[in-house]
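Here is what each chain is made of, one letter per residue.
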Amino acid sequence: FVGWVLFDDESNKILNNSIFENVTQDLKVRAYYKESLRKYNVIFQNEFGDIYDTQEVEYGKSAVAPKVDNIETNSHILSFDSWNNEEWKNVQKDTKVVARFKKEVRKFTVSFKVGDSKVSSVEVAYGDILQKESYPKDNLTKPSTPKYNFEFLYWDRENIRIYEDTTINAIFTK
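### Some words on the sheet that holds strand 13 (residues 166–173)
Pairing between the strands of a sheet is mediated by backbone hydrogen bonds and can be parallel or antiparallel.
Line of reasoning, step 1. Taking strand neighbours across the sheet as the criterion, the four strands line up as 9-8-13-11 in an open arrangement whose pairing is mixed. In this open sheet, the two edge strands, each paired with only one partner strand, are strand 9 (117–125) and strand 11 (151–155). Ignoring strand direction, the axes of neighbouring strands in this sheet form an average angle of 25 degrees.

### Focus: the nonpolar core
Line of reasoning, step 1. Counting 15 residues, the largest nonpolar core has Val110, Phe112, Leu130, Tyr135, Trp155, Ile162 and Ile168 as the members making the most contacts within it.
Line of reasoning, step 2. Of all the elements in the fold, those that place two or more residues in this core are strand 8 (107–114) and strand 13.
Line of reasoning, step 3. Top contributing element to this core by residue count: strand 8, with four residues.
Line of reasoning, step 4. With residues near it in sequence (within four places) discarded, leucine 130 still touches Val110, Phe112, Val122, Val124, Tyr135, Asn159, Ile160, Ile162 and Ile168.
Line of reasoning, step 5. Counting residues in each nonpolar core, the second largest holds 14 residues, with Val42, Phe44, Trp83 and Val91 among its members.

### Observations regarding the pattern of salt bridges
Line of reasoning, step 1. If you walk through the whole model with that rule in mind, you get six salt bridges.
Line of reasoning, step 2. Here glutamate 86 and lysine 89 are joined by a salt bridge, their closest N and O atoms 2.7 Å apart.
Line of reasoning, step 3. Judged by its relative accessible area of 41%, lysine 89 falls in the partly exposed class.
Line of reasoning, step 4. Note that lysine 93 is salt-bridged to glutamate 87, the shortest N-O span being 4.0 Å.
Line of reasoning, step 5. What makes lysine 93 partly exposed here is its relative accessible area of 45%.

### Quick notes on unusual backbone geometry
In most cases, non-glycine residues show a negative phi, while peptide bonds are predominantly trans.
Line of reasoning, step 1. One non-glycine residue with positive phi stands out, namely asparagine 159, at about 50 degrees.
Line of reasoning, step 2. Examined against the element boundaries, asparagine 159 turns out to sit in the loop between strand 11 and strand 12 (160–161).
Line of reasoning, step 3. For asparagine 159, a relative accessible area of 41% translates into the label partly exposed.

### So, the packing of aromatic side chains
Line of reasoning, step 1. Per the counting criterion, the structure on display carries 16 aromatic pairs.
Line of reasoning, step 2. Ring geometry for tyrosine 135 and tryptophan 155: centres 6.2 Å apart, planes at 75 degrees, overall edge-to-face. Of this pair, tyrosine 135 sits in the loop between strand 10 (129–130) and strand 11 while tryptophan 155 is found in strand 11, placing the two residues 20 residues apart along the sequence. Both residues of the pair, tyrosine 135 and tryptophan 155, belong to the buried class.
Line of reasoning, step 3. In textbook terms, an aromatic cluster arises when at least three aromatic residues are bridged by ring pairs, as seen for Phe44, Tyr52, Phe80, Trp83, Trp88 and Phe101.
Line of reasoning, step 4. In this structure, lysine 142 packs its charged tip against the face of phenylalanine 150, placed 4.6 Å from the ring centre.

### Considerations on the sheet that holds strand 6 (residues 76–83)
Line of reasoning, step 1. Across the sheet, five strands lie side by side as 4-3-7-6-5; this open sheet has mixed pairing. Every other strand in the sheet has two partners, leaving strand 4 (51–58) and strand 5 (71–72) as the edge strands with one partner each.
Line of reasoning, step 2. As paired elements, strand 3 (residues 39–45) and strand 7 (residues 95–105) share four bridges and run parallel to each other. Along strand 7, the bridge assignment pairs isoleucine 43 with lysine 96.

Rules used throughout
Residues numbered from 1 in each chain as written. Predicted model: local features only at pLDDT ≥ 70, side-chain atom pairs only at ≥ 80, totals over all residues. Heavy atoms only, no water. Pairing = 2+ DSSP bridges. Helix = DSSP H or I, 4+ residues; strand = E, 2+ residues; numbered from the N terminus. Axes fitted to C-alpha atoms, helices over the stretch in contact; angles between N-to-C directions. Core = buried A, V, L, I, M, F, W, Y, C linked by side-chain atoms within 4.5 Å. Buried < 20%, exposed > 50% of the residue type's maximum accessible area, 1.4 Å probe, protein only. Contact = heavy atoms within 4.5 Å. Salt bridge = Lys/Arg side-chain N within 4 Å of Asp/Glu carboxyl O. Phe/Tyr/Trp six-rings, centres within 6.5 Å; stacked < 30°, edge-to-face > 60°. Lys NZ or Arg CZ within 6 Å of the ring centre and 35° of its normal.

What follows is the structure in structure tokens.
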């Protein structure tokens, strides 16, 4: 409701309320309403309830989907895949839209070193145990010095569970 207008007035000029204070003759008025589209809230969030964006959208219009970054935890990378519904493209009611993610186990690099030189590396999934059988067996030599010859003995870490990038060093005898 916007206000009162004279019944025959096509211009829809809103009447000042003081016109109704001292009415001395019949006054024909009509209520004037301005048409407006209904608006609804569209909430974009992730499955944990974190809200990316809230938009007020007119009926039948589309919201604008926000950019969604990857979520990284110690063990996984969650990559945005899609939204759980399409209701945000033709809004007809208050709508909650939830981001769907692809879940990947994080991988870490295990480097094998002889002195300062890396002889090989492997990628290992978070939490997996790197078995001794997968350690390198070639190029495990350390140059002799005038005083010593060196012979490979073992790796300084064996059968370890991987939670981060890790370096494993060769140990030699003198």
